[in-house]
Amino acid sequence: MKKLILFVFALTLTVSVNAQLQTPQPSPYSKVEQKVGLTDVTVEYSRPNMRGRKIFGDLVPFGKLWRAGANKNTVVTFSDNVTVGDNELKAGSYAIFITPSEKSWEVVFYTDTNNWGTPQKWDESKVAAKVKAEVYELPIDIETFTISFDDLTNDSAMIGFMWEKAYAAVKFDVPTKAKVAASMDKVMSGPSANDYYSAAAYNLSENIDLDKAMEWIDKAVEMTKDEPRFWFLRKQSLIHAANGDKKGAIAAAKKSLEGAKEAKNADYIKMNEDSLKEWGAM
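About the cut-offs
Residues numbered from 1 in each chain as written. Predicted model: local features only at pLDDT ≥ 70, side-chain atom pairs only at ≥ 80, totals over all residues. Heavy atoms only, no water. Core = buried A, V, L, I, M, F, W, Y, C linked by side-chain atoms within 4.5 Å. Buried < 20%, exposed > 50% of the residue type's maximum accessible area, 1.4 Å probe, protein only. Helix = DSSP H or I, 4+ residues; strand = E, 2+ residues; numbered from the N terminus. Contact = heavy atoms within 4.5 Å. Polar contact = N/O pair within 3.5 Å; in protein donor to acceptor, adjacent residues only side chain to side chain. Pairing = 2+ DSSP bridges. Axes fitted to C-alpha atoms, helices over the stretch in contact; angles between N-to-C directions. Parallel < 35°, antiparallel > 145°, perpendicular 65-115°, else oblique. Left-handed = near helix turned anticlockwise from the far one by under 90°. Nonpolar A, V, L, I, M, F, W, Y, C, P; charged D, E, K, R; others polar.

Asker: Just give me the short version of the nonpolar core, but keep the residues and values in it.
Answerer: Within the largest apolar cluster, 37 residues are counted, with the highest numbers of intra-cluster contacts made by V76, V84, W105, V107, F109, F161 and F172. For this core, the elements supplying multiple residues, two or more each, are β2 (39-46), β3 (75-78), β4 (82-84), β6 (92-100), β7 (104-110), β8 (127-134), β9 (136-150) and β10 (156-173). Residue contributions to this core peak at eight residues, all from β10. When near neighbours in sequence (up to four residues on either side) are disregarded, W105 contacts F56, I98, T99, P100, V131, K132, A133, V135, F161, A166 and A168. Core analysis: the second largest hydrophobic core is formed by 12 residues, Y197, A213, L233 and I239 among them.

Asker: Could you give an account of the side chain of S46, naming the residues involved and the relevant values?
Answerer: Mapped onto the secondary structure, S46 falls in strand β2. For S46, a relative accessible area of 8% gives the class buried. Of note is the side chain of S46, whose polar atom sits 3.2 Å from the side chain of N71. If near-sequence neighbours (up to four positions away) are discounted, S46 is found in contact with S27, P28, Y29, G69, A70, N71 and F145.

Asker: Any details on the sheet that holds strand β5 (residues 87-89)? Residues and values, ideally.
Answerer: Spatially, the four strands line up as an open sheet ordered β5-β4-β10-β9, and their pairing is antiparallel. Each edge of the open sheet carries a strand with a single partner, namely β5 and β9. With strand direction ignored, the average angle separating the axes of adjacent strands in the sheet is 40 degrees. Examined bridge by bridge, β9 and β10 share eight bridges and lie antiparallel to one another. Bridge pairing in β10 places T146 opposite M162.

Asker: Can you explain the packing of helix α4 (residues 210-223) against helix α5 (residues 230-242)? Please cite residues and give values.
Answerer: Two measures define how a pair of helices packs: the angle their axes make with one another and the distance between the axes. Remark: α4 packs on α5, axes separated minimally by 9 Å, with the N-to-C direction vectors making an angle of 155 degrees. One finds that α4 runs roughly antiparallel with respect to α5. The hand of the α4/α5 crossing is left-handed. Counting all contacts with α4, which are made through L210, A213, M214, I217, D218, A220 and V221, the residues of α5 involved are F232, L233, K235, Q236, I239, H240 and A242. Partitioned by chemical class, the residues of the contact of α4 with α5 number 10 nonpolar, two polar and two charged.

In structure tokens, the structure reads:
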């Protein structure tokens, strides 16, 4: 009986230690995602509430750097290079800080995103962009700090900040025209060597239309002849062999073997040597 009581006590203690009380966060986490043109943009931040407090000029003092939210850094991530003001921001993540005044805010994009709140030591070399944003008075109170993507076009958008009766926004431009032009050039120029290789490899794996597979793999090898790829040549040898062209298979395998030896790729060296032996070329 004593052992049973001790076991129950230990079990109860373990459950109480492992259990964690869960309560709502006072400034809940939020993640906002938006595609602008062809660029993916994400903002992650924590959202404090007014709770009857005066915000700008009091809780958030004028003229003092603010974390643009609560808890750890508010972070914006761009999938492409973008332009903010006169600054190009490389694809990646940036912390957003704001120095508010009554009529305008200075919004800073900072390369170090690993701070809880504002950095203990400000490093001007980490400032990727610094822009002014005009403040507009709203007709109602916004209880919860809000970041939004506004005024979307194919080429730009605004990152909007709202709290209390204040709204300010920063415009950023995305490289949609350049990306569309590059995509058009690629499509109009026809399939790439990798496209031909993948199509040929599929037909070989499925044992369908090996004539077409030979045509495609030969195009892939021809397109890369200035920088031969030994794995392309290996596939070429297998496709030619499967289609009954032993001479072509041997020639491709020898070239593949040569490239594999230069690259010191033991797997391809062995595969090519084994095939050449099978085809009577070694």
